[in-house]
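# Working through the structure, step by step
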Amino acid sequence: MSKPVFVLNGANLNLLGVREPAIYGAETLADICRRTEARAHALGLKVDFRQTNSEGTLVDWLQEARERAVGIVLNAGAYTHTSIAILDALNAAELPVIELHLSNVFRREPFRHNSYVSPAAQGLICGFGPKGYELAIEAMADLIARPAGRSGQPARG
Ligand code: DQA
């Protein structure tokens, strides 16, 4: 059985569809899960799509990913901007990581410009709404096909 890509969602993302739709759009997390799974299926990948409001649960899932996943797509929500524990868990996972946000965090409040996820990520996708989940799966398919070296950068050439 091939391992899945873990697509992990943090705080308040269970409220998508009703939460600040002008910023986050009208799709629910279930809608986004469906489009993520469809894109992954088309690319021959499996996904394990999850959401939690708990920072500790996210850390537990990142530890689980080390053994059970081929890569991690992470929208940590507000924990992105606060959680050293999540950064440590991402580094410990030793897997390709893509940081994801629905909104363009750099067009928003200054406190959203810092990310504790970015130092552990191969790349960042933000500002494309739900479509970003599909873009992240496409980027992950490339990273898996062309594994990163220990430096965390994709192999050259
Ligand atoms: C978010 C951006 C974060 O700043 C915010 O706290 C969220 C959602 C996004 O997907 O745009 O909860 O990660």
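Here's what I pulled together on the structure shown here. (Residues numbered from 1 in each chain as written. Predicted model: local features only at pLDDT ≥ 70, side-chain atom pairs only at ≥ 80, totals over all residues. Heavy atoms only, no water.)

Our focus in this paragraph is the overall build of the protein chain. Secondary structure assignment for the protein chain yields 5 helices and 5 strands. Sequence-ordered secondary structure for the protein chain, helices as α and strands as β, is β-α-α-β-α-β-α-β-β-α. Here the C-alpha radius of gyration of the protein chain, 14 Å, is about what a compact globule of 157 residues would show, namely 15 Å. Taking the principal axes of the C-alpha coordinates as reference, the protein chain spans close to 40 × 35 × 30 Å. (Helix = DSSP H or I, 4+ residues; strand = E, 2+ residues; numbered from the N terminus. Rg over C-alpha atoms; globule rule 2.2 N^0.38 Å.)

Looking at the ligand, the residues that line it are A11, R19, Y24, N75, G77, A78, H81, H101, L102, S103, V105 and R112. Take A78: an N or O atom from its main chain is 3.2 Å from an oxygen atom of the ligand. Between the ligand and S103 there is a distance of 2.6 Å, counted from an oxygen atom to a side-chain nitrogen or oxygen. The fraction of the free accessible surface of the ligand (320 Å²) that becomes covered by protein chains is 99%. Most atoms of the ligand, that is more than half of them, are within 2 Å of grid points of the second largest pocket. Of the residues contributing to the shell around the ligand, the split by class is 5 nonpolar, 5 polar and 2 charged. (Near = heavy atom within 4 Å. Polar contact = N/O pair within 3.5 Å; in protein donor to acceptor, adjacent residues only side chain to side chain. Areas by Shrake-Rupley, 256 points an atom, 1.4 Å probe, with all protein chains shown as cover. 1 Å grid on protein atoms, 1.4 Å probe; cavity = no way out; pocket = protein on both sides within 12 Å on 5 of 7 lines; lining within 4 Å. Sits in = over half its atoms within 2 Å of the grid points. Nonpolar A, V, L, I, M, F, W, Y, C, P; charged D, E, K, R; others polar.)

Its location among the elements puts S103 in the loop between β4 (97-101) and β5 (123-126). The class of S103 is buried, set by a relative accessible area of 8%. For the pair S103 and A76, spaced 27 residues apart in sequence, the C-alpha separation works out to 13 Å. If we skip the residues at most four places from it in the chain, S103 touches I23, Y24, R108, C126 and G127. At 2.9 Å, the side chain of S103 and the side chain of R108 are in polar contact. (Buried < 20%, exposed > 50% of the residue type's maximum accessible area, 1.4 Å probe, protein only. Contact = heavy atoms within 4.5 Å.)

We now examine the side chain of R112. Relative to the helices and strands, R112 resides in the loop between β4 and β5. One polar contact links R112 to E109, side chain to side chain, over a distance of 2.7 Å. Look past the residues within four positions of R112 in its chain and what remains in contact with it is Y24, H81 and V105.

With parallel pairing, 5 strands are arranged side by side in an open sheet as β2-β1-β3-β4-β5. Single-partner strands in this sheet number two, and they are β2 (47-51) and β5. Strand after strand, the sheet turns through a mean of 15 degrees between neighbouring axes, direction not considered. Where helix α3 (residues 55-68) meets the sheet, it contacts β1 (5-9), β2 and β3 (71-75), and its direction lies at approximately 175 degrees from that of β1. (Pairing = 2+ DSSP bridges. Axes fitted to C-alpha atoms, helices over the stretch in contact; angles between N-to-C directions.)

Interpretation note: all reported values are geometric properties and have no functional meaning in isolation.
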